[in-house]
Amino acid sequence: MFNSFNRIQNVFGFFTTVACVFGAFIAATDLFSAREPSGIITPDKIQVGQQDNPQLTMANAHAHSVKGRPHYYSTKKEEYAVIRFSLDADLSSLFTWNTKNLFVYVTADWPGPDNTTNSAVIWDSIITNPSADHLLNIGPATLKKLRKSSAGKSIDPSRGKLKLKNQKPKYQITHPSGKIAQTQDVTLKLHYNVQPWVGLLTWNMPKDLFLWKTMSGGQSKKVALPALKVKESKDTNTKTSTKAKKAKA
């Protein structure tokens, strides 16, 4: 005879098995939803600046290299690159009834020594389905406006259509060596990460898999980061102006 504990254990094991099978079935349904992401990303005009605090001129330049300290107490100055970009992407096919949210991010990639690749995230954003809006860490007014835009919808693929122009980056680019200016072959790339309610996380597809297609576009042309502008000292300017006056005399 089974005691009460054994009966509870058997019932719990049965329902756990049913839940796992049901969850696997839900996750498998994503394979039958076509994914055809696409995007066009372009870096904007490149400018150069130099200062102690690189954040001061970010609003006035599209992309530039500046010098700054890695932290407040550091006496060492490092070079930073700041890139503004424009993005026109259609990720609406990634939103299904099982999509919880979509993590979108842009990286700047450039080749390193020994066939390595350097990659730095310069911008990211979390896009939720209406059913997951309550999970966002935003203010009540913003949340109310977001819910109003998708009232009565549990799925809103239109949120996956991104149009950004002259977008200010969230993060600066630096390098452990402290040197980033005049870096060649820098490419901006668009990435995504789909987080489902049930199932595995999925990233950009390296190749087509059934109805899941690789991203069309999503990569900019190669650009070179500019050199730092070196400001002439006042003494040099004074000497130059003095020589010019003597030459005229």
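Not measured: the values here are computed from a predicted model.

What counts and what doesn't
- Residues numbered from 1 in each chain as written.
- Predicted model: local features only at pLDDT ≥ 70, side-chain atom pairs only at ≥ 80, totals over all residues.
- Heavy atoms only, no water.
- Salt bridge = Lys/Arg side-chain N within 4 Å of Asp/Glu carboxyl O.
- Helix = DSSP H or I, 4+ residues; strand = E, 2+ residues; numbered from the N terminus.
- Buried < 20%, exposed > 50% of the residue type's maximum accessible area, 1.4 Å probe, protein only.
- Pairing = 2+ DSSP bridges.
- Patch = residues over 30% accessible without salt bridge, like charges linked within 9 Å, V, L, I, M, F, W, Y side chains within 5 Å.
- Areas by Shrake-Rupley, 256 points an atom, 1.4 Å probe, with all protein chains shown as cover.

A. A look at the pattern of salt bridges. Counted under the stated rule, the structure contains five salt bridges. Taking the shortest distance from any N to any O, the salt bridge between Lys 189 and Asp 109 comes out at 3.7 Å. Of this pair, Lys 189 sits in strand 8 (residues 187-196) while Asp 109 sits in strand 5 (residues 99-111), and the two are 80 residues apart along the sequence. You can call Lys 189 partly exposed: its relative accessible area is 26%. On the basis of relative accessibility, which here comes to 9%, the residue Asp 109 falls in the buried class. Counted as one network, the salt bridges with shared partners bring together Asp 133, Asp 156 and Arg 159.

B. Seen up close, the sheet that holds strand 10 (residues 216-217). Sheet architecture is open: four strands sit in the order 7-4-1-10, paired in mixed fashion. Two strands in the sheet have a free side with no partner beyond their single neighbour: strand 7 (161-167) and strand 10.

C. Focus on a nonpolar patch on the surface. Residues Leu 31, Phe 32, Leu 209, Phe 210 and Leu 211 make up a contiguous nonpolar surface patch of roughly 500 Å² in combined accessible area. With respect to the secondary-structure elements, Leu 31 resides in the loop between helix 1 (4-29) and strand 1 (38-43). Accessibility expressed as a relative area gives 36% for Leu 31, which makes it partly exposed.

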